[in-house]
Amino acid sequence: MGFADAVKLCLGQKYFVFSGRAARSEFWWFTLVSAIVTFILMCADLLFGIVEMTGGMAGISTLYGLGVFLPTAALHVRRIQDTGRSFWFLFVSLIPVV
């Protein structure tokens, strides 16, 4: 699966699908594309003065992050299920935050 297929699948067909499985290539391609788009939008925020370097939070990259939050969460749940674990296993990643 290529990057275009992964993005179409995650943002189109499986936008809010938490059941099933996600291939490793689907997960990593979507993660890479999402990270690159986020970086470009953050640079655009700084370039156009939408967000100052002091840490303002209202920019194009924030809106993008809110827009891809659900498909990213669904993709993570599908990938965790593909490895044979329950989706509750994702909460283990929150332990360092707490």
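Residues numbered from 1 in each chain as written. Predicted model: local features only at pLDDT ≥ 70, side-chain atom pairs only at ≥ 80, totals over all residues. Heavy atoms only, no water.

Visitor: Account for the packing of helix 2 (residues 24-47) against helix 4 (residues 69-82), naming residues and giving values.
Guide: Where helix 2 contacts helix 4, the two axes come as close as 10 Å, and the packing angle between them is 150°. Classified by the angle between their axes, helix 2 and helix 4 sit roughly antiparallel to one another. Helix 4 is crossed by helix 2, and the crossing has left-handed handedness. Where helix 2 approaches helix 4, its residues Arg24, Glu26, Phe27 and Phe30 are matched on the opposing element by Thr72, Leu75, His76, Arg78 and Arg79. Split by residue class, the contact of helix 2 with helix 4 holds 3 nonpolar, 2 polar and 4 charged. (Axes fitted to C-alpha atoms, helices over the stretch in contact; angles between N-to-C directions. Helix = DSSP H or I, 4+ residues; strand = E, 2+ residues; numbered from the N terminus. Parallel < 35°, antiparallel > 145°, perpendicular 65-115°, else oblique. Left-handed = near helix turned anticlockwise from the far one by under 90°. Contact = heavy atoms within 4.5 Å. Nonpolar A, V, L, I, M, F, W, Y, C, P; charged D, E, K, R; others polar.)

Visitor: Account for the packing of aromatic side chains, with residues named and values stated.
Guide: According to the stated counting rule, one finds 2 aromatic pairs in the structure shown. With centroids separated by 5.3 Å and ring planes inclined at 90°, the aromatic side chains of Phe16 and Phe18 adopt a geometry described as edge-to-face. By relative accessible area, which is 55% here, Phe16 ends up exposed. Assessed through its relative accessible area of 29%, Phe18 is described here as partly exposed. Ring plane angle 80° and centroid distance 4.9 Å describe the contact between Phe27 and Trp28, whose orientation is recorded as edge-to-face. A relative accessible area of 53% means that Trp28 is categorised as exposed. (Phe/Tyr/Trp six-rings, centres within 6.5 Å; stacked < 30°, edge-to-face > 60°. Buried < 20%, exposed > 50% of the residue type's maximum accessible area, 1.4 Å probe, protein only.)

Visitor: Got a sec to walk through the side chain of Arg78? Specific residues and values, please.
Guide: For Arg78, the location among the structural elements is in helix 4. A polar atom in the side chain of Arg78 sits 2.8 Å from the backbone oxygen of Val17. A distance of 2.9 Å separates polar atoms of two side chains, one belonging to Arg78 and the other to Glu26. Setting aside its immediate chain neighbours within four residues, Arg78 contacts Cys10, Lys14, Val17, Phe18, Ser19, Gly20, Arg21, Ala22 and Glu26. (Polar contact = N/O pair within 3.5 Å; in protein donor to acceptor, adjacent residues only side chain to side chain.)

Visitor: I'd love a proper account of a nonpolar patch on the surface, names of residues and values included.
Guide: Taken together, the side chains of Phe3, Trp29, Leu32, Ile36, Phe39 and Ile40 present a nonpolar region at the surface, about 620 Å² in accessible area. The greatest single-element share of the nonpolar patch, amounting to 5 residues, is contributed by helix 2. By the element assignment, Ile36 lies in helix 2. In this structure Ile36 comes out as partly exposed when scored by relative accessible area, which is 44%. (Patch = residues over 30% accessible without salt bridge, like charges linked within 9 Å, V, L, I, M, F, W, Y side chains within 5 Å. Areas by Shrake-Rupley, 256 points an atom, 1.4 Å probe, with all protein chains shown as cover. Salt bridge = Lys/Arg side-chain N within 4 Å of Asp/Glu carboxyl O.)

Visitor: Talk me through the packing of helix 2 against helix 3 (residues 60-67); I want residue IDs and the actual numbers.
Guide: Running from amino to carboxyl end, helix 2 crosses helix 3 at an angle of 155°, the nearest separation of the two axes being 7 Å. One element, helix 2, and the other, helix 3, form an angle in the roughly antiparallel class. In contact with Ser34, Val37, Thr38, Leu41, Met42 and Asp45 of helix 2, helix 3 contributes Ile60, Ser61 and Tyr64. Residues of the contact of helix 2 with helix 3, tallied by class, amount to 5 nonpolar, 3 polar and 1 charged.

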